[in-house]
Amino acid sequence: MKTPPIVSPQEWDAAREQLLVKEKALTRARDALTAERRRMPWAAVDKAYVFEGPEGKASLLDLFAGRRQLIIYRAFFEPGVFGWPEVGCRGCSFGADQVGNLAHLKARDTTLAYASRAPQGDIARVKARMGWAMPWYTITDRFDADFGVDEWHGHNAFIRDGGRIFRSYFINGRGDEAMGTTWSYLDMTALGRQETWEDSPEGYPQSQPYKWWNWHDNYVANAAPDPTWVEVSDAGEAAFRKRDG
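Fair warning: this is a prediction, and the values are worked out from it, not measured in the lab.

A closer look at unusual backbone geometry
So, point 1. Cis geometry marks the peptide bond from tryptophan 84 to proline 85, where omega comes out at 0 degrees.
So, point 2. Along the chain, the position of proline 85 falls in the loop between strand E4 (69-74) and helix H3 (90-96).
So, point 3. Positioned with a positive phi, aspartate 109 is a non-glycine residue whose angle comes to about 60 degrees.
So, point 4. For aspartate 109, the position within the fold is in the loop between helix H4 (103-106) and strand E5 (110-116).
So, point 5. For aspartate 109, a relative accessible area of 32% gives the class partly exposed.

Put into C-alpha cells, the structure is as follows:
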C-alpha cells in the first residue's frame with residue numbers, strides 16, 4: 001500500500017482547509033439540487049394498489065399512516081432472490097441496517113415503509129432476526145412494475161392532498177447508497193426538511209432548524225419547542241457562526 005505523504009499538523013491543517021473549500025461547494029450544490037427537487041412536478045397516482053400488512057389488506061393511502069408524505073423502499077425478499085427464505089437480498093439488507101430511528105421522520109409528517117413480495121409471515125420473521133422496526137408490506141399487484149422497482153431496488157416518494165396521492169420523486173441505483181438518515185429521506189421528499197433556511201416554494205411548511213429536534217422518545221405532536229432548548233440551540237448556533245464568520 002502506497003500511503004500519502006506524512007506531514008506536520010500545520011501542513012495537514014492547510015491541506016484540509018484546501019479540500020474543505022470543495023466540500024462546502026459540494027454542500028451548496030446539494031442544497032441547490034434538493035431545492036430543485038422540491039419544484040419537481042407531481043404525478044397523480046390514480047390506480048388503487050393493494051398491499052398486505054400485519055393487519056391484513058392495506059391501500060397505498062393506508063401506508064401513509066395518516067401522515068402527509070410517504071417513502072417506500074422496494075426491498076428484494078422473495079422467491080428467486082439470493083438468501084430466500086432465510087434472509088433478504090444482501091444489498092437491501094445492508095440498506096435496512098442503515099435506517100435511523102423513524103420518530104424523527106414522523107415528526108416531519110413523513111412515513112417510511114418497506115415493500116417486498118414475500119408473505120407477511122416471512123417478513124415478520126426476518127425483521128425479528130435482523131432487529132428491523134420499519135413497517136414492511138407485501139406487494140400483491142403491479143406496484144413494483146409501475147414505479148420502476150420490479151427488477152431493481154429504489155425509493156419512491158409520495159405526497160397526499162387529502163385522499164389524492166401524487167408521486168413526487170424517485171431514487172435508485174447508487175442514489176440508494178446515501179439513504180438511511182433522517183436528512184437523506186427528507187431531502188428526497190416534496191417538502192424537504194421543512195426548515196426556514198431552505199429554498200422552497202412559497203407556502204411550504206417550514207420552522208426554525210434545531211428547534212423541532214428532539215429525543216426520539218420525546219416527540220409530542222403539535223407541541224411548541226421547549227424554551228430551554230431554544231435558548232441552548234440559539235447560543236450554540238451564534239457561537240458557531242461567530243467562529244466561522
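Let's talk about the nonpolar core
So, point 1. One finds Val99, Leu112, Tyr114, Met134, Trp136 and Tyr185 to be the most contacted residues of the largest nonpolar core, which totals 25 residues.
So, point 2. Those elements that provide at least two residues to this core are E4, H3, E5, helix H5 (120-130) and helix H7 (182-187).
So, point 3. The residues contacting tyrosine 114, other than those within four sequence positions of it, are Tyr73, Ala75, Gly95, Ala96, Val99, Met134, Pro135, Trp136 and Tyr137.

Some thoughts on the packing of aromatic side chains
What describes a pair of aromatic rings is the distance from one ring centre to the other and the angle between the planes of the rings.
So, point 1. All chains considered together, the criterion is met by 15 aromatic pairs.
So, point 2. Both rings, one in tyrosine 73 and one in tyrosine 114, keep their centres 4.8 Å apart while their planes meet at 55 degrees; by these two values the pair is tilted. Placement of the pair is tyrosine 73 in strand E4 and tyrosine 114 in strand E5, with a sequence separation of 41 residues.
So, point 3. Residue tyrosine 73 is classed as buried on the basis of its relative accessible area of 5%.
So, point 4. Ring geometry for tyrosine 210 versus tryptophan 213: centroids 4.8 Å apart, planes at 50 degrees, classification tilted.
So, point 5. By relative accessible area, which is 29% here, tyrosine 210 ends up partly exposed.
So, point 6. A network of ring pairs unites the aromatic residues Tyr49, Phe51, Tyr137, Phe143, Phe147 and Phe158 as a single cluster.
So, point 7. Its guanidinium or amino end placed over the ring of phenylalanine 76, arginine 74 lies 3.8 Å from that ring's centre, counting from NZ or CZ.
So, point 8. Just above the ring of phenylalanine 170 sits the side chain of arginine 167; from NZ or CZ to the centre is 5.0 Å.

Some words on a nonpolar patch on the surface
So, point 1. A surface patch of nonpolar side chains, about 260 Å² in accessible area, is lined by Trp213, Trp229 and Val232.
So, point 2. Tracing the chain through its elements places valine 232 in helix H8 (residues 227-244).
So, point 3. With relative accessibility at 46%, the residue valine 232 sits in the partly exposed group.

Concerning H5
So, point 1. Where H5 is concerned, the buried positions are Gln120, Asp122, Ile123, Val126 and Lys127. Buried residues of H5, viewed axially, fall in a sector of 160 degrees; they line one side. Of the residues in H5, the exposed ones pointing more than 90 degrees away from the buried face are Gly121, Ala128 and Arg129.
So, point 2. Of the surrounding elements, those touching the buried residues of H5 are strand E2 (50-53) and strand E6 (136-139).
So, point 3. Taken from the residues just after H5, glycine 131 is the one with a positive phi, measuring 75 degrees.

Basis of the calculations
- Residues numbered from 1 in each chain as written.
- Predicted model: local features only at pLDDT ≥ 70, side-chain atom pairs only at ≥ 80, totals over all residues.
- Heavy atoms only, no water.
- Helix = DSSP H or I, 4+ residues; strand = E, 2+ residues; numbered from the N terminus.
- Buried < 20%, exposed > 50% of the residue type's maximum accessible area, 1.4 Å probe, protein only.
- Core = buried A, V, L, I, M, F, W, Y, C linked by side-chain atoms within 4.5 Å.
- Contact = heavy atoms within 4.5 Å.
- Phe/Tyr/Trp six-rings, centres within 6.5 Å; stacked < 30°, edge-to-face > 60°.
- Lys NZ or Arg CZ within 6 Å of the ring centre and 35° of its normal.
- Patch = residues over 30% accessible without salt bridge, like charges linked within 9 Å, V, L, I, M, F, W, Y side chains within 5 Å.
- Areas by Shrake-Rupley, 256 points an atom, 1.4 Å probe, with all protein chains shown as cover.
- Salt bridge = Lys/Arg side-chain N within 4 Å of Asp/Glu carboxyl O.
- Arc of directions from axis to C-beta.

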